[in-house]
Amino acid sequence: MQRYFIWTIGCQMNKAESQRIAGYLECAGHRAARCFGEAELVVLNTCVVRQSAEDKVLGTLGLLKGLKKERPDLRILVTGCFVNSDVDGLRKRFPQADFFFGPGAYGQLIDWALREGVAGGERGLNLPVNCSPCALVPIIQGCDYFCSYCIVPYRRGRQVSRPLDELVHEVQLLVKGGAKEVTLLGQTVDSYGHDLPEQPDLADLLARLNSMNGLARIRFLTNHPKDMNPKLIEAVASLDKVCEHLELPVQAGNNDVLEAMRRGDSAEQYRELVYAVRRRIPQVSLSTDVIVGFPGETEEQFEHTLSLLEAIGFDVVHVAAYSPRPGTISWRRYEDNVTREVKIKRLNRVERLQAVISGGINSQFRGKTVEVLVEGKKKGKWFGRSRGNKLVFFEDGNDCIGQLVRVRIHRTSPWALQGNIDDDHPGKEEWKWNSLKA
Ligand code: SF4
């Protein structure tokens, strides 16, 4: 038995993959350590989507170099988007690492573990350990879009969907293990299925999962606007377990910038899509991603992004400053000519505007009751998410973890809602099963 520590940064996909690696190591008889210092086996699950993330990976590899000198038997594995196709080059640069394997390449991990005697005969597995009420399920790997700024297709490869029956079976196991909510993951999750023989789509998968007893909620992210079709919108509107929350990256509000980004749609098409979604799902909660300071972005073009954010009124905006990624199309074609100072200024302007918009949207919840799936406790308060993905805090003396409760909201901020259990409501369990029609 060895103790392992998995260090993870980056997207939900990385988090899901780390959970699966932990599942594998647990099946092989190993146990989790609390930090690098306690571990005999370390896995770094990395991200290079921005320079700041890459810097953290490099810093951690530097730290581990020192640890490896002190303890040569420490085994270090590196996975995630830091691992490029030049593994020999990586080995030379980072001799402290014992093994590199690509994102989601569990077969390579298993072969290594068998070779090194880290595992016995275990080959299957891949389910996370300590199933939380909210489980992450990768359904499609890679991306075919090649947005000009993005490194993901170069590191995760082209789109590969997992078979629908395999996913249904996996979700059944997760529900058996205690999951109440699943989030289906993909870089472009709404393009799910087109590469499979029978070409099912995400709406088909949602319909299958919606009829599963014991499963309370279904989410999916991240979408590409071009793949968000009427059938999928209809599925979100009509399937009772599918939450009314869509992550729909826009990236910019100016058409020339969008073209240079190779996003494949215009600001007008994006707005039309949002209108179509809101017409069918009026209560939908929308999140988006925005990049500021793309090469050549003028002040006026940036203002178009602000206008779009104001016009649409997203619930949440994730904003990032453009970061040139070696090997990508924009890195090859364009000079990174918006200064760091201007990028930060624009980023702050988006954040300030969005705080006002989110604050206004969230204030409408005051006095209303929302359904919350409780995920844990922080600073003495239970927390969880509403169907619209709002973070909700409340106090209660009972153990609420994994329960669906109703919370009456009395305080709001741009980032979270606070409230109390709705006492007018029937008991939690009774309400849960009635409301889920399970
Ligand atoms: S859709 Fe674009 S931004 Fe998203 S992963 Fe694919 S290439 Fe990257």
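Cut-offs and rules
- Residues numbered from 1 in each chain as written.
- Predicted model: local features only at pLDDT ≥ 70, side-chain atom pairs only at ≥ 80, totals over all residues.
- Heavy atoms only, no water.
- Helix = DSSP H or I, 4+ residues; strand = E, 2+ residues; numbered from the N terminus.
- Buried < 20%, exposed > 50% of the residue type's maximum accessible area, 1.4 Å probe, protein only.
- Areas by Shrake-Rupley, 256 points an atom, 1.4 Å probe, with all protein chains shown as cover.
- Lys, Arg positive; Asp, Glu negative; His and termini not counted.
- Charge placed at Lys NZ, Arg CZ, Asp CG, Glu CD.
- Core = buried A, V, L, I, M, F, W, Y, C linked by side-chain atoms within 4.5 Å.
- Contact = heavy atoms within 4.5 Å.
- Salt bridge = Lys/Arg side-chain N within 4 Å of Asp/Glu carboxyl O.
- Near = heavy atom within 4 Å.
- Nonpolar A, V, L, I, M, F, W, Y, C, P; charged D, E, K, R; others polar.
- Expected span 1.5 Å × (residues − 1).
- Arc of directions from axis to C-beta.
- Axes fitted to C-alpha atoms, helices over the stretch in contact; angles between N-to-C directions.
- Parallel < 35°, antiparallel > 145°, perpendicular 65-115°, else oblique.
- Left-handed = near helix turned anticlockwise from the far one by under 90°.
- Pairing = 2+ DSSP bridges.
- Phe/Tyr/Trp six-rings, centres within 6.5 Å; stacked < 30°, edge-to-face > 60°.
- Lys NZ or Arg CZ within 6 Å of the ring centre and 35° of its normal.
- Polar contact = N/O pair within 3.5 Å; in protein donor to acceptor, adjacent residues only side chain to side chain.
- pLDDT = per-residue confidence, 0-100.

Student: Hey, could you go over the overall build of the protein for me, with residue numbers and the actual values?
Tutor: A tally of helices and strands in the protein yields 14 helices and 17 strands. Dimensions along the principal axes, computed over C-alpha positions, put the protein at roughly 60 × 55 × 50 Å. Looking at the protein as a whole, 55% of its 438 residues are labelled buried. Element-wise, carbon and sulfur atoms account for 50% of the exposed surface of the protein, whose accessible area totals about 19,500 Å². The centroid of the 59 positive side-chain charges in the protein is displaced by 3 Å from the centroid of its 55 negative side-chain charges.

Student: Which residues make up the nonpolar core, and what values do they have?
Tutor: Considering soluble globular proteins, one finds that nonpolar side chains tend to be buried as a cluster. Grouped together as the largest cluster of nonpolar side chains are 71 residues, with contacts concentrated most on Ile139, Leu184, Leu202, Leu205, Leu206 and Phe220. At six residues, helix H6 (residues 164-176) tops the list of elements feeding residues into this core. Here Leu205 is in contact with Ile139, Leu164, Leu167, Val168, Leu184 and Tyr192, once residues within four sequence places are set aside. Counting residues in hydrophobic clusters, the runner-up holds 26 residues, among them Ala33, Val42, Leu44 and Val57.

Student: Explain the pattern of salt bridges to me, using residue names and the numbers behind them.
Tutor: Across all of its chains, the model carries 27 salt bridges by this definition. Between Glu170 and Arg20 there is a salt bridge, with its nearest N and O atoms 2.0 Å apart. Of this pair, Glu170 sits in helix H6 while Arg20 sits in helix H1 (residues 12-27); the two residues are 150 residues apart in sequence, bridging distant segments of the chain. This pair shows no difference in class: Glu170 is buried, exactly as Arg20 is. When the shortest N-O distance is used, the salt bridge between Glu116 and Arg75 registers 3.4 Å. Here the residue Glu116 occupies a position in the loop between helix H4 (106-115) and strand E6 (134-141), and Arg75 occupies one in strand E4 (residues 75-80), the gap between them amounting to 41 residues. Note on Arg75: relative accessible area 16%, which makes it buried. Within the structure, one salt-bridge network assembled from shared partners comprises Glu297, Glu299, Glu303, Arg346 and Arg349.

Student: So what about the site of the ligand? Which residues, and what values?
Tutor: The environment of the ligand is made up of Cys143, Tyr145, Phe146, Cys147, Tyr149, Cys150, Val152, Pro153, Gln187, Thr188, His224 and Arg263. Taken together, the residues of the shell around the ligand sort by class into eight nonpolar, three polar and one charged.

Student: I'd love a proper account of helix H10 (residues 267-280), names of residues and values included.
Tutor: At 3.6 residues per turn, the α-helix brings residues three or four places apart onto the same side. Along its 14 residues, H10 runs 20 Å from first to last C-alpha, staying within 8% of the 20 Å computed at 1.5 Å per residue. By the burial criterion, the buried members of H10 are Ala267, Tyr270, Leu273, Val274 and Val277. With its buried residues spanning 120° around the axis, H10 presents them on a single face. Residues of H10 that are buried make contact with helix H8 (230-238), strand E10 (245-247), helix H9 (255-261), strand E11 (285-292) and helix H11 (299-312).

Student: Would you mind going over the packing of H11 against helix H13 (residues 340-363) in detail, with residue names and values included?
Tutor: Axes are the key here: two packed helices are described by the angle between their axes and the distance separating the axes. Contact geometry for H11 and H13: axes closest at 10 Å, N-to-C directions at 15°. The angle between H11 and H13 places the two elements in the roughly parallel class. You can see that H11 and H13 cross each other, and the crossing is right-handed. Where H11 approaches H13, its residues Glu299, Phe302, Glu303, Leu306, Leu309 and Glu310 are matched on the opposing element by Arg346, Arg349, Val350, Leu353 and Ile357. Its residues assigned to classes, the contact of H11 with H13 shows six nonpolar, no polar and five charged.

Student: Summarise the pairing of strand E16 (residues 404-412); cite the residues concerned and give the values.
Tutor: Here strand E13 (residues 369-378) runs beside E16; their pairing, made up of five bridges, is antiparallel. Bridge pairing in E16 links Val372 to Val405. Of the pairings in the sheet, the one linking E16 to strand E17 (residues 417-421) comprises five bridges and is antiparallel in character. Opposite Thr412, over in E17, you have Leu417 as the bridge partner. Here E16 folds back onto E17, and the loop between the two strands holds four residues.

Student: Requested: an account of unusual backbone geometry, with residues and values cited.
Tutor: With an omega of -5°, the peptide bond running from Leu221 to Thr222 counts as cis. The residue Thr222 is located in the loop between strand E9 (217-221) and H8 in this model. Unlike most non-glycine residues, Phe146 shows phi in positive territory, near 55°.

Student: Quick one: what's the story with the packing of aromatic side chains, residue by residue and with numbers?
Tutor: This model, assessed by the stated rule, comprises nine aromatic pairs. Ring plane angle 20° and centroid distance 6.0 Å describe the contact between Phe99 and Phe101, whose orientation is recorded as stacked. Using a relative accessible area of 13% as the deciding quantity, one classes Phe99 as buried. Of note, Lys378 hangs over the ring of Phe383, and the distance from its end group to the ring centre comes to 4.8 Å.

Student: Describe in detail the environment of Asp227, supporting the description with residues and values.
Tutor: For Asp227, the position within the fold is in the loop between E9 and H8. The sequence separation of Asp227 and Tyr192 amounts to 35 residues, and the corresponding C-alpha distance is 9.2 Å. Of the polar contacts made by the side chain of Asp227, one reaches the side chain of Tyr145; its length is 2.8 Å.

Student: So what's going on with the confidence of the model for the protein? Residues and values would help.
Tutor: Here the protein shows a mean pLDDT of 93. Residues at 70 or above account for 94%. Scored below 50 in pLDDT, residues 426-438 shows 25 contacts in the model against residues more than four places distant or in partner chains.

Student: Break down the sheet that holds E16 for me, with residues and values.
Tutor: Strand order around the closed barrel formed by five strands is E13-E14-E15-E17-E16, with mixed pairing between neighbours. The sheet shows a mean angle of 55° between the axes of neighbouring strands, taken without regard to direction.

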